[in-house]
Amino acid sequence: MKKLLLLSAFALLAACSSHAPSNQASLEGEVFYLQRIALPPAATLSVSLQDVSLMDAPAVTLASQSGPVKGNVPLPFQLSYDPAKVQPGHRYAVSARIELDGKLLFINTEHHGVRLDGSDPQPVRIKVDQVR
């Protein structure tokens, strides 16, 4: 009887958790470059998800991540954002940059648009180019 009661409780808990609304979505990806060089240990990676719909206004950031580079490329990232802020008809993009002591080393030079409707390939791959 105890096992049946325990099993029923777990089933109820699982049913409740699977229907609980989530107020966060995430976009996973990796940043890479083609040069065969290692980054300095103090380099930092910054990645952001932005609403780039308006041409004459600054982009609105939905999520960002910044921190020390760990390891070699590809460099993984995960951006958590509120899906309620995603608006139909708007355009969204991911951008990345690698800096060392405030000096820009790498930045993406191509537009990396995302739809945020579940159809984006994961991981999103962002190529950054060396700044000279």
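Numbering of residues starts from 1 in every chain and runs along the sequence as written. Local features in this predicted model are restricted to residues of pLDDT 70 or higher, and side-chain atom pairs are both shown and tallied only at a pLDDT of 80 or more, whereas totals for entire chains, interfaces and linings draw on every residue. For side-chain calculations, the full set of non-hydrogen atoms in the structure is used, while hydrogens and water are omitted.

As recorded by an unreviewed UniProt entry, the protein chain carries the name YbaY family lipoprotein and is attributed to Pseudomonas machongensis.

Chemist: Can you walk me through the pairing of strand E5 (residues 92-100) in this structure?
Modeler: On a regular strand, one side chain projects to one face of the sheet and the next to the other, so that they alternate. Between any two strands, pairing holds if DSSP finds at least two bridges. Labels follow the DSSP assignment, with helices taken as runs of H or I lasting at least four residues and strands as runs of E lasting at least two, numbered in each case from the N terminus. By the bridge criterion, eight bridges tie strand E2 (residues 44-51) to E5 in an arrangement that is antiparallel. Each residue of the ladder has a partner; that of glutamine 50, found in E5, is alanine 93. Bridge count between E5 and strand E7 (residues 113-114): two bridges; the pairing is antiparallel. Bridge assignment links tyrosine 92 to a residue of E7, and that residue is valine 114. Following E5, the chain reverses through two residues before pairing antiparallel with strand E6 (residues 103-107); aspartate 101 in that reversal takes a positive phi of roughly 50°.

Chemist: Please explain the side chain of glutamate 30 as it appears in this structure.
Modeler: Relative to the assigned elements, glutamate 30 resides in strand E1 (residues 25-32). Between N or O atoms, a polar contact is any pair within 3.5 Å; within protein, one atom must be a potential hydrogen donor and the other a potential acceptor, and residues adjacent in sequence are included only when both atoms are from side chains. Within the local environment of glutamate 30, its side chain forms a polar contact with the side chain of arginine 125, the two groups lying 2.4 Å apart. Apart from residues lying up to four places away in sequence, glutamate 30 is in contact with Pro74, Leu75, Pro76, Phe77, Pro123, Val124, Arg125 and Ile126. The contact definition used throughout considers only heavy atoms, calling two residues in contact when any of these lie within 4.5 Å.

Chemist: It is not clear to me how the packing of aromatic side chains should be interpreted in this structure. Could you clarify?
Modeler: To describe a pair of aromatic rings, you give the distance between the ring centres and the angle between the ring planes. Here a pair means two rings of Phe, Tyr or Trp (six-membered ring of Trp) with centres within 6.5 Å. Their orientation is stacked below 30 degrees between planes, edge-to-face above 60, and tilted elsewhere. For the structure on display, the rule yields one aromatic pair. By the criterion adopted, a ring carries a charge over it if an Arg CZ or a Lys NZ lies within 6 Å of its centre and within 35 degrees of its normal. Directly above the ring of phenylalanine 32 sits arginine 125, whose terminal nitrogen or CZ lies 4.2 Å from the centroid.

Chemist: Any chance you could explain the sheet that holds strand E4 (residues 75-81) here in plain terms?
Modeler: Strand-to-strand pairing in sheets goes through backbone hydrogen bonds, with the strands running parallel or antiparallel. Here three strands make up an open sheet; going across it, the order is E4-E1-E8 and the pairing mixed. Where the open sheet ends on each side, the last strands, each with one partner, are E4 and strand E8 (124-127). With direction set aside, neighbouring strand axes in the sheet form an average angle of 30°. Where E1 meets E8, four bridges bridge the pair, whose relative direction is parallel. Residue pairing for E8: glutamate 30 is matched across the bridge by arginine 125. Between the N-to-C directions of two axes lies an angle of 0 to 180 degrees, each axis being a line fitted to C-alpha atoms and, for a helix, fitted only over the stretch in contact.

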